[in-house]
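Spelled out, the chains give:
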Amino acid sequence: MDTERAQGSTATAVSGLPVDVETISATIRKALRFGSIRPSREELAGTDEELRGHVALLHAEARRTASPHPPDRYRLDRISKHMAFPLGKGMLSAYAEVPQRARDCQWLLAYFTASRDEYKPRPRPVRAAPAAGRRA
């Protein structure tokens, strides 16, 4: 199963560059975890550079896609405007910008995988239903 997942996690974009869904997802998770830890400026800058590369690839792909469900053009425009600005010099601005770029990347990745029918939900155990009746 892991080999099928590893083989299916890389798709080729229209630009000819590979889109590694697992790597992009790992980068997004890492960036969103910064809310619970205190990363250094270097960690933020490194993650921001990774996210910028992923966003650039996925953004170009979303613009080229001829899908029956086109992406939200206003959001694509906002993402491209946000990409034009470098990472802030201060810790507070960097701390705010990296998770926002991760959410943009997450949205683009969801659109990319949905447009190719590559979305595979991870199986999770089914929770037991709550007991019926009153509690004493």
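Refer to the structure above for everything that follows.
Per chain, residue numbering runs from 1 following the sequence as it is written. For this predicted model, a pLDDT threshold of at least 70 governs which residues receive local features, and a threshold of 80 or more governs which side-chain atom pairs are given and counted, while totals over whole chains, interfaces and linings are taken from all residues. Derived side-chain values reflect all non-hydrogen atoms in the structure, with water molecules and hydrogen atoms excluded from consideration.

Draft legend 1. Quick look at helix α4 (residues 73-83). Burial here depends on accessible area, computed with a 1.4 Å probe over protein chains only, as a share of the maximum for the residue type. Under 20% is buried, over 50% is exposed, and the range in between is partly exposed. Runs of H or I in DSSP of at least four residues are treated as helices and runs of E of at least two as strands, each being numbered from the N terminus. Those residues of α4 that fall on the buried side of the exposure criterion are Leu76, Ile79, His82 and Met83. Looking down the long axis of α4, one finds its buried residues gathered within 125° of arc, a one-sided arrangement. Projecting away from the buried face of α4 at angles above 90 degrees are the exposed residues Tyr74 and Lys81. Every residue pair with non-hydrogen atoms within 4.5 Å of one another is taken to be in contact. Those residues of α4 that are buried are in contact with α3 (41-64) and α5 (91-115). In this context, the arc is that of the directions from the helix axis out to the C-beta atoms.

Draft legend 2. Structural detail: the packing of helix α2 (residues 21-32) against α3. Angles shown run from 0 to 180 degrees and are taken between the N-to-C directions of axes, each axis being a line fitted to C-alpha atoms and, for helices, limited to the stretch in contact. The contact between α2 and α3 brings their axes to 10 Å, and the two run at 135°. When the axis of α2 is compared with that of α3, the two are oblique. Considering only the axes of α2 and α3, their crossing is left-handed. In contact with Thr23, Ile24, Thr27, Ile28, Lys30 and Ala31 of α2, α3 contributes Thr47, Glu50, Leu51, His54 and Leu58. Considered class by class, the residues forming the contact of α2 with α3 number five nonpolar, four polar and two charged. Geometric relationships in this document are graded by angle, where less than 35 degrees denotes roughly parallel, more than 145 denotes roughly antiparallel, 65 to 115 denotes roughly perpendicular, and other angles denote oblique. Two helices cross in a left-handed way if the nearer one is turned anticlockwise from the farther one by less than a right angle. They cross in a right-handed way if the turn is clockwise. In this count, Pro and Cys sit with the nonpolar residues alongside Ala, Val, Leu, Ile, Met, Phe, Trp and Tyr, while Asp, Glu, Lys and Arg are called charged and the others, Gly among them, polar.

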